[in-house]
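# Architecture and fold: a report
The chain contents come next:
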Amino acid sequence: MFIPLHDANSLKHIKVQYVTISLIVLNTLIWLVTGPLLVPEEFSNATTMGLGYIPAIAFDYAHLAQNLVLVPDEATYITYSFLHGDFWHLFGNMIFLWVFGDNVEDALGHFRFLAFYLLCAAAGAFAHGLVDTASESPLIGASGAISGVVAAYFLLHPKVRVWVLVMFRIPLPLPAFIPLALWLGQQFLMLVVDPDGDVSWGAHVGGIIAGLILVVILRRRDVPLFDRTIVTPRAVRHVEATVATSADPASETPVKPTLWGRPS
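Cut-offs used in this document
- Residues numbered from 1 in each chain as written.
- Predicted model: local features only at pLDDT ≥ 70, side-chain atom pairs only at ≥ 80, totals over all residues.
- Heavy atoms only, no water.
- Pairing = 2+ DSSP bridges.
- Helix = DSSP H or I, 4+ residues; strand = E, 2+ residues; numbered from the N terminus.
- Axes fitted to C-alpha atoms, helices over the stretch in contact; angles between N-to-C directions.
- Patch = residues over 30% accessible without salt bridge, like charges linked within 9 Å, V, L, I, M, F, W, Y side chains within 5 Å.
- Areas by Shrake-Rupley, 256 points an atom, 1.4 Å probe, with all protein chains shown as cover.
- Salt bridge = Lys/Arg side-chain N within 4 Å of Asp/Glu carboxyl O.
- Contact = heavy atoms within 4.5 Å.
- Phe/Tyr/Trp six-rings, centres within 6.5 Å; stacked < 30°, edge-to-face > 60°.
- Buried < 20%, exposed > 50% of the residue type's maximum accessible area, 1.4 Å probe, protein only.
- Polar contact = N/O pair within 3.5 Å; in protein donor to acceptor, adjacent residues only side chain to side chain.

A few words now on the sheet that holds strand β1 (residues 2-7). One open sheet holds the three strands; their spatial order is β1-β2-β3, and the pairing between them is antiparallel. With one partner strand each, in any of the chains shown, β1 and β3 (170-175) form the two edges of the open sheet. Looking at each pair of strands side by side, their axes are set apart by 30° on average, direction ignored. Inspection of the sheet shows β1 paired to strand β2 (residues 161-166) by five bridges, in the antiparallel sense. Pairing of Phe 2 across the sheet is with Val 166, part of β2.

This is the structure we're talking about:
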């Protein structure tokens, strides 16, 4: 439906989004060393089976061959989210993380954002498993975690303008709530109409629900929801100009505006 390109939403509490950048780098490196691009297909498939999330194994309906076991079954609730198929699978997830992850990390803090990301990934895997507990196909990809990030951004910054590539060809600046609401709604709709398709809509929905809940719990105490105190740089300049023109020219003490909020 759309690809996010950029948001005009600066960081307020942190200087650098270390966790977001680290997750993008880690996902990319893992894709390079486990994906079919640089390694034999047999090795790539074995990695997918050993680190991917397989509902039938998680719910004890089947057991993985011992030579394919790489981590405990419980760990695959997380490890699956660091594996990707082709480049576009990786790129699609990472561009969403790059555009929206920094502001969610800013709102939560570094460590809580990492916990948030991993919990959303686990929730996505669990929801995927509930759709078909007997499935023996491995789930891979960060979309469960990314869905949680998108849901959190939707609650935190619905008014921020986001440049998006609509229908993969038309760049438009839109208030975030428009493309994000459509995207979030699409995930629930597709889970109903196409639960057995190639895309795990269940993982998306699980990540979304976790993201909506966790962002309320984990956000900093002074971080509001729905951009209630957002002040844009343009608004700041407007206030300063208004005060400057209304101040008494003969006054020896310059009048300074008081702004309850931070520029975004």
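More follows now that the structure is in view.
What follows covers a nonpolar patch on the surface. Taken together, the side chains of Phe 188, Ile 209, Leu 212, Ile 213, Val 216 and Ile 217 present a nonpolar region at the surface, about 510 Å² in accessible area. For the nonpolar patch, the leading source of residues is helix α9 (residues 201-218), giving five residues. By secondary structure assignment, the location of Ile 217 is in helix α9.

Next up on the list: the side chain of Asp 102. Inspection of the secondary structure assignment puts Asp 102 in helix α5 (residues 87-108). Aside from chain neighbours lying at most four places away, what touches Asp 102 is Leu 11, Ile 14, Gln 17, Thr 20 and Leu 97.

A separate point is the packing of aromatic side chains. Scanning the entire structure with this criterion turns up 13 aromatic pairs. On the basis of an interplanar angle of 55° and a centroid distance of 6.0 Å, the ring pair of Phe 96 and Phe 100 is categorised as tilted. With Phe 96 and Phe 100 both in helix α5, this residue pair falls four residues apart, about one helical turn. For the pair Phe 96 and Phe 100, one class covers both residues: buried. Every member of this aromatic cluster is reached through a ring pair, and the members are Phe 2, Phe 96, Phe 100, Tyr 153 and Trp 183.

This part covers the pairing of β3. Strand direction decides the pairing type here: β2 and β3, joined by six bridges, are antiparallel. Note on β3: the bridge partner recorded for Trp 163 is Pro 173. Linking β2 back to β3 in an antiparallel pair, the connection comprises three residues, with Met 167 at a positive phi of about 55°.

So, about the environment of Thr 79. Position of Thr 79 among the secondary structure elements: in helix α4 (residues 76-79). In this structure, Thr 79 is in contact with Leu 51 and Val 71, ignoring residues within four places of it in sequence. A polar contact of 2.7 Å, which involves the side chain of Thr 79, links it to the backbone oxygen of Leu 51.

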